[in-house]
Amino acid sequence: MSNEPIFQEDVEACLQALRRGGIILYPTDTIWGIGCDATSAAAVQRIYELKQRPANKSMIILLADEKDILQYVADPHPAVFEYLKTVDRPTTVIYAHALHLPDNLVNADGSIAIRIVREPFCRHLLKRFQKPLVSTSANLSGGPSPATFNDVPDAIKRGVDYVVRYRQDDATPAQPSRIVKFTADGQLVVIRS
């Protein structure tokens with residue numbers, strides 16, 4: 001049996017929830033995540049409340065294409081774009097000078113962490129939504145990150161507006177992304193390998 005109908009139904013249901021300011025539980029290119037419209041301060045606040053997470057612990061955003069970075073970051077170093085062409089696994093890049101994102105999503109120093117996703121579900125959802133999505137691990141603050149859907153706490157499953165069905169039965173343990181940033185002179189700094 002093909003997952004195609006579930007994939008499409010999940011994308012449509014996610015779009016409806018996101019456009020209403022809702023939050024979703026969804027499979028990303030790494031672990032299961034909680035997401036919302038990254039341009040909505042109210043939706044971002046709902047995620048902090050659900051996770052019981054301090055608002056000073058910033059979250060990342062997902063984008064579908066490298067060119068989208070230019071809408072949400074002021075003057076990214078050109079070395080970033082060359083680097084992104086070479087990555088062979090999910091990689092989150094921390095950028096200075098976030099643009100057009102709510103204050104409660106941007107780090108206190110003005111930075112934002114962004115990952116370009118290749119995973120089909122996320123990529124399709126992002127292209128249809130035409131805005132960045134917040135992505136944060138589907139756990140309560142301080143709890144372990146869920147490697148599979150079955151590891152997601154019930155409180156999270158009950159607290160979101162929509163739970164994606166696609167890939168719920170995927171038992172392949174997922175890993176968090178690599179995290180890097182670039183210095184002002186274009187040097188790569190690995191924060192988490």
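What you are looking at is a predicted structure, and each value in this text was computed from that prediction instead of being measured.

Student: Looking at this model, I keep getting lost on the nonpolar core. Mind explaining?
Tutor: General note: in soluble globular proteins, nonpolar side chains tend to be found buried as a group. Grouped together as the largest cluster of nonpolar side chains are 58 residues, with contacts concentrated most on Tyr95, Leu105, Phe121 and Leu125. Setting aside anything within four residues of it in sequence, one finds Tyr95 in contact with Ile69, Val73, Pro76, Val80, Leu84, Gly110, Ser111, Ile112 and Ile114.

Student: Just to check I follow, could you spell out helix H2 (residues 41–51) for this structure?
Tutor: Three or four residues apart is the spacing at which side chains of an α-helix point the same way, because the helix has 3.6 residues per turn. Along H2, the residues that are buried comprise Ala43, Val44, Ile47, Tyr48, Leu50 and Lys51. Along the axis of H2, the buried positions cluster into a sector of 165 degrees, meaning they face one direction only. Exposed residues lying more than 90 degrees from the buried face of H2 are Ala42 and Glu49. Of the surrounding secondary structure, the elements contacted by the buried residues of H2 are strand S2 (32–35), strand S6 (133–137) and helix H6 (154–159).

Student: Would you take a moment to explain the layout of surface pockets for this structure?
Tutor: Picture a little ball the size of a water molecule; that probe, rolled over the atoms, points out where space is still empty. Roughly 610 Å³ of volume is contained in the largest pocket. Going through the elements one at a time, S2, strand S4 (91–95), strand S5 (112–116) and S6 are the ones with two or more residues in the lining of the largest pocket. In terms of residue class, the lining of the largest pocket is built from 10 nonpolar, 15 polar and five charged. In this structure, the second largest pocket encloses a volume near 330 Å³. Lining the second largest pocket are 17 residues, with Ile94, Tyr95, Ala96, Phe182 and Thr183 positioned closest to its centre. By residue class, the composition of the lining of the second largest pocket is nine nonpolar, five polar and three charged.

Conventions we followed
- Residues numbered from 1 in each chain as written.
- Predicted model: local features only at pLDDT ≥ 70, side-chain atom pairs only at ≥ 80, totals over all residues.
- Heavy atoms only, no water.
- Core = buried A, V, L, I, M, F, W, Y, C linked by side-chain atoms within 4.5 Å.
- Buried < 20%, exposed > 50% of the residue type's maximum accessible area, 1.4 Å probe, protein only.
- Contact = heavy atoms within 4.5 Å.
- Helix = DSSP H or I, 4+ residues; strand = E, 2+ residues; numbered from the N terminus.
- Arc of directions from axis to C-beta.
- 1 Å grid on protein atoms, 1.4 Å probe; cavity = no way out; pocket = protein on both sides within 12 Å on 5 of 7 lines; lining within 4 Å.
- Points joined across faces, edges and corners; volume = space filled by probe spheres on them.
- Nonpolar A, V, L, I, M, F, W, Y, C, P; charged D, E, K, R; others polar.

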